[in-house]
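These are the residues of each chain, in order.
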Amino acid sequence: MTSEQQGRAAAAAFRAEHHLGFQPLGDLVALIERATPHDVTILDATPDEHGLTMRDPVRGVAFIGIARTRNPMRQRSTLAHELAHVVFDDWDGTPSLTSRSPQEVRADAFARHLLVPLQGVAELLGDRDSVAARDLSTVVQSFLVSPAMAAIALQSCGYIDESTKHEWMTLSTLHLATCFGWSDQYASLQNDADRLRSPQRLLARAINGYGEGVISAQAIATLRGISLEAATDELSAAGIIPRTPRPPWLSAADLPMVSVDLSDLDDERPEDTTP
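All figures in this text were calculated on a predicted structure; none of them were measured in a lab. (Residues numbered from 1 in each chain as written. Predicted model: local features only at pLDDT ≥ 70, side-chain atom pairs only at ≥ 80, totals over all residues. Heavy atoms only, no water.)

A. Representation of the overall build of the chain. Helix and strand counts for the chain stand at 13 helices and 3 strands. Going through the 275 residues of the chain one by one, you find that 36% of them count as buried. Considering only intrachain contacts with a sequence separation of at least 6, the fraction spanning at least 24 residues in the chain is 62%. (Helix = DSSP H or I, 4+ residues; strand = E, 2+ residues; numbered from the N terminus. Buried < 20%, exposed > 50% of the residue type's maximum accessible area, 1.4 Å probe, protein only. Contact = heavy atoms within 4.5 Å.)

B. Representation of the packing of helix H5 (residues 118–125) against helix H6 (residues 133–143) within the structure. Running from N to C, H5 and H6 cross one another at 125 degrees; their axes reach a closest spacing of 11 Å. One finds that H5 runs oblique with respect to H6. When the axes of H5 and H6 are compared, the crossing they make is right-handed. Residue-level contacts link Gly120, Val121, Leu124 and Leu125 of H5 to Asp135, Thr138, Val139, Ser142 and Phe143 of H6. Within the contact of H5 with H6, the residues separate by chemical class into 5 nonpolar, 3 polar and 1 charged. (Axes fitted to C-alpha atoms, helices over the stretch in contact; angles between N-to-C directions. Parallel < 35°, antiparallel > 145°, perpendicular 65-115°, else oblique. Left-handed = near helix turned anticlockwise from the far one by under 90°. Nonpolar A, V, L, I, M, F, W, Y, C, P; charged D, E, K, R; others polar.)

C. Seen up close, the environment of Asp127. Its location among the elements puts Asp127 in the loop between H5 and H6. Asp127 sits in the exposed class, given a relative accessible area of 82%. A sequence separation of 32 residues divides Asp127 from Tyr159, and the C-alpha atoms of the two residues are 9.3 Å apart.

This is how it looks when you write it as structure tokens:
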């Protein structure tokens, strides 16, 4: 199988395993953390860094880090791309500095078919002879993918030809959102993608520790990337108050009776026989 075929097959298997059908995927971070044992975080990164994945070989659990950005469609494709490396156990390969490796091509294919499955596009648009830019916008808005990714799917489904695909791949999501009336939704997606986000399981354990009085509110604030005051107010509003440990105090009357044998103290000292 080619890298493209491997990526498509693995994406279809992932959807089937987790009962996702062919419908658009909503919150991809929540989906991955719910469907897999892996953790996902959205963090600050340099402009050239979009995502990375690390694996704990002992527990077999991966940690996926994705950069915050004003480009929500790219963030989703990056997250799906990194998930592909986890699915395929791409831990030992050496990255190529001159060309994209088969592993990277395969991860791109996985991301595309996971986010915008061809059967899902066909179900959305139905049986028709031709499509227009409005239909491209519909696919982008529905599946939350870039125009380039949507155009590739449309061409693969037979809705457009090669030249139209290349033409539409140059369009931006903002252009389509503005032209077809969903710029408010796109602005909301941008705001969500540009926020820090902690791994849900890690944060849940930390909040539980805070409630037990063994983790400070500052630790929660640092994990969330918010101020101490904001973290304290949020926890208090949710009714989460740290429990103050109370060590048990006992009075003398509560102590058990102790029997002490003092008979050895009553023995006579042996006579000194030193001349």
